[in-house]
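Next come the chains, spelled out residue by residue.
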Amino acid sequence: MSTALLAWYDRHARDLPWRVGPAARAAGVQPDPYAVWLSEVMLQQTTVAAVRDYFHRFTTRWPDVAALAGAEDAAVMGEWAGLGYYARARNLLKCARVVADKMGGRFPDTREGLLALPGIGPYTAAAIAAIAFDRAETVVDGNVERVMARLFAVQAPLPPAKPELTALAARLTPARRPGDYAQAVMDLGATICTPKSPACGICPLRAPCAARQQGIAADLPRKQPKKPKPTRHGIAYVGRRADGAWLLERRPDRGLLGGMLGWPGTDWREDPPAEAPPAAVEWRDTGAEVRHTFTHFHLRLSVRVAHLPADCTPARGAFLPPGDFRPSDLPTVMRKAFDIARRDAGMS
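Here is what the cut-offs are and how they apply
- Residues numbered from 1 in each chain as written.
- Predicted model: local features only at pLDDT ≥ 70, side-chain atom pairs only at ≥ 80, totals over all residues.
- Heavy atoms only, no water.
- Buried < 20%, exposed > 50% of the residue type's maximum accessible area, 1.4 Å probe, protein only.
- Helix = DSSP H or I, 4+ residues; strand = E, 2+ residues; numbered from the N terminus.
- Arc of directions from axis to C-beta.
- Contact = heavy atoms within 4.5 Å.
- Core = buried A, V, L, I, M, F, W, Y, C linked by side-chain atoms within 4.5 Å.
- Salt bridge = Lys/Arg side-chain N within 4 Å of Asp/Glu carboxyl O.
- Pairing = 2+ DSSP bridges.
- Axes fitted to C-alpha atoms, helices over the stretch in contact; angles between N-to-C directions.
- Parallel < 35°, antiparallel > 145°, perpendicular 65-115°, else oblique.
- Nonpolar A, V, L, I, M, F, W, Y, C, P; charged D, E, K, R; others polar.
- Polar contact = N/O pair within 3.5 Å; in protein donor to acceptor, adjacent residues only side chain to side chain.
- Left-handed = near helix turned anticlockwise from the far one by under 90°.
- Phe/Tyr/Trp six-rings, centres within 6.5 Å; stacked < 30°, edge-to-face > 60°.

Colleague: Hey, could you go over helix H1 (residues 2–12) for me, with residue numbers and the actual values?
Modeller: The set of residues buried in H1 consists of Ser2, Leu5, Leu6, Trp8 and Tyr9. Viewed end-on, H1 has its buried residues packed into an arc of 160°, placing them on one side of the element. For H1, the exposed residues lying more than 90 degrees away from the buried face are Thr3 and Arg11.

Colleague: Account for the environment of Ala81, with residues named and values stated.
Modeller: Tracing the sequence through the fold places Ala81 in the loop between helix H6 (73–80) and helix H7 (87–102). Accessibility expressed as a relative area gives 4% for Ala81, which makes it buried. Ignoring sequence-local partners within four residues, the contact set of Ala81 consists of Tyr54, Tyr86, Met260, Ser328, Asp329, Leu330 and Pro331.

Colleague: Outline the nonpolar core, listing residues and values.
Modeller: Judged by nonpolar contacts, the single largest core of 101 residues is most densely connected at Trp37, Met148 and Trp263. Apart from residues no more than four positions distant in its own chain, Met148 is found in contact with Ala153, Val154, Leu165, Leu168, Ala169, Leu172, Tyr181 and Val185. Residues Ile235, Tyr237, Leu247 and Leu308 belong to the second largest nonpolar core, which totals ten residues.

Colleague: Before we move on, can you summarise the pattern of salt bridges with the specific residues and values?
Modeller: What the rule picks out here adds up to 19 salt bridges. Residue Asp109 is joined to Arg135 by a salt bridge in which the shortest nitrogen-to-oxygen separation is 3.2 Å. In this pair, Asp109 is assigned in the loop between H7 and helix H8 (111–115) and Arg135 in the loop between helix H9 (122–133) and helix H10 (142–151), connecting sequence segments 26 residues apart. We classify Asp109 as partly exposed; its relative accessible area is 36%. A salt bridge links Arg291 to Glu289; its shortest N-O distance comes to 2.9 Å. Arg291 sits in the exposed class, given a relative accessible area of 53%. Members of the salt-bridge network, linked through shared partners, are Asp10, Arg177 and Asp180.

Colleague: Now, about the pairing of strand S4 (residues 284–293): what can you tell me, with residues and values included?
Modeller: Here seven bridges tie S4 to strand S5 (residues 298–308), and the two strands are oriented antiparallel to one another. When the bridges of S5 are listed, Thr293 appears paired with His298. What sits between the antiparallel neighbours S4 and S5 is a turn of four residues.

Colleague: Summarise the packing of H10 against helix H11 (residues 162–172); cite the residues concerned and give the values.
Modeller: Put simply, H10 and H11 touch, their axes get as near as 9 Å, and they point 85° apart. Regarding the angle of H10 to H11, the classification is roughly perpendicular. For the pair H10 and H11, contact is made by Val144, Glu145, Met148, Ala149 and Leu151 and by Lys162, Leu165, Leu168, Ala169 and Leu172, respectively. In the contact of H10 with H11, the residues fall into eight nonpolar, no polar and two charged.

Colleague: How would you sum up the side chain of Ser2? Please name residues and give values.
Modeller: By the element assignment, Ser2 lies in helix H1. Looking at Ser2, its side chain comes within polar contact range of the main-chain oxygen of Leu172, at 2.5 Å. With sequence-adjacent residues up to four places away left out, Ser2 is seen in contact with Leu172, Pro174 and Tyr181.

Colleague: For unusual backbone geometry, give the residues involved together with the corresponding values.
Modeller: Backbone torsion omega between Leu158 and Pro159 reads 5°, so that peptide bond is classified as cis. Along the chain, the position of Pro159 falls in the loop between H10 and H11. Of note, the bond from Leu220 into Pro221 is cis; its omega dihedral lies within 30 degrees of zero at -5°. In this structure, Pro221 sits in the loop between helix H13 (210–214) and strand S1 (231–241).

Colleague: Before we move on, could you go through the packing of H6 against H7 and cite the residues and values that matter?
Modeller: Here H6 crosses H7 at 135°, and the two axes come no closer than 10 Å. When the interaxial angle is binned, H6 and H7 end up oblique. Pair H6 / H7 crosses with right-handed handedness. Within the contact between the two elements, H6 uses Asp73, Val76, Met77 and Trp80 and H7 uses Arg88, Ala89, Arg90, Leu92, Leu93 and Arg97. Its residues assigned to classes, the contact of H6 with H7 comprises six nonpolar, no polar and four charged.

Colleague: Before we move on, could you go through the pairing of strand S2 (residues 246–250) and cite the residues and values that matter?
Modeller: Where S2 meets strand S6 (residues 318–320), three bridges bridge the pair, whose relative direction is antiparallel. Along S6, the bridge assignment pairs Leu248 with Ala318. With two bridges connecting them, S2 and strand S3 (residues 261–262) associate as antiparallel partners. Following the sheet pairing, Arg250 is matched in S3 by Leu261.

Colleague: Just give me the short version of the packing of aromatic side chains, but keep the residues and values in it.
Modeller: Taken as a whole and assessed by the stated rule, the structure comprises 15 aromatic pairs. When the ring of Phe58 is compared with that of Trp62, the centres are 5.1 Å apart and the planes differ by 65°; the resulting orientation is edge-to-face. Of the two residues, Phe58 and Trp62, neither departs from the other in class, the shared state being buried. Here the aromatic rings of Trp263 and Phe338 are separated by 6.2 Å at their centres, their planes lie at 15°, and the arrangement is stacked. Taken together, the residues span a long stretch of sequence, with Trp263 in the loop between S3 and S4 and Phe338 in helix H14 (residues 332–343) at a distance of 75 residues. You can call Phe338 buried: its relative accessible area is 5%.

Encoded structure:
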């Protein structure tokens, strides 16, 4: 099965900006561990389509790990804005600095060595070791879990089935070309063995696939019912001073949206929050709210706006001159609040 899948990959591998394709790799071109690491961190819980532009911007601005290690935290967080799961960006900087300062700019070439770096867990360590260094590691993401569940007709639901699916994937991981094989399985899941309407007729593994034989491929992998997400409420205060400066605050490094710029506001809670304006001025309710979904809850964020006097001394946050303010540096939920304020009368 591994041989058949590699033959398919040689013909149909996706063209990805961080990837060395099978033909180039056969000709001796080696993957850049920095590019592999950066892409794998960006791709955690994010789609290839969403990551492409971010990867291009990062590698244009910081072409190697030493350049990224020397970047200002705020610059990196700004470029990451909109990609979500912001702890990844903080760990990205920590990891880059360890590699640059303590390892001479060279990533470890083993799973164990990679696991010792900040922000690199078992999946990412295995992926980098296999793809960048051709180590025979078993790489299991959502695509691979789906392929294994169907190939072996595993009926147990996810997430309890993860250990079984990982063991099955390990059985198929070849000693020859393990890096290409890891990418081949992921490509198969992304392009043919898709979550809905898998294209079994053109799958290179259709003959041995137990789920296809039983007519249940589209039903696998089974998943446990998800618990309903709670809804939390909050208030965001969008204030602009007479000289055009915006009142912003940087969130604590730990926690949701850690280290990101945002509008001062209340805590996010399941019962309606009390008003907590950052400055003693009249704040007007726009009557609009941001609706945003995080991993564990839905958020409804009311937006207040105010024109702030030149001598305003806020209790929280700091003013950012208009020339230094880029809405694109805000996380998505804060950018949504800005869009409401900008549309609101008097907040041009």
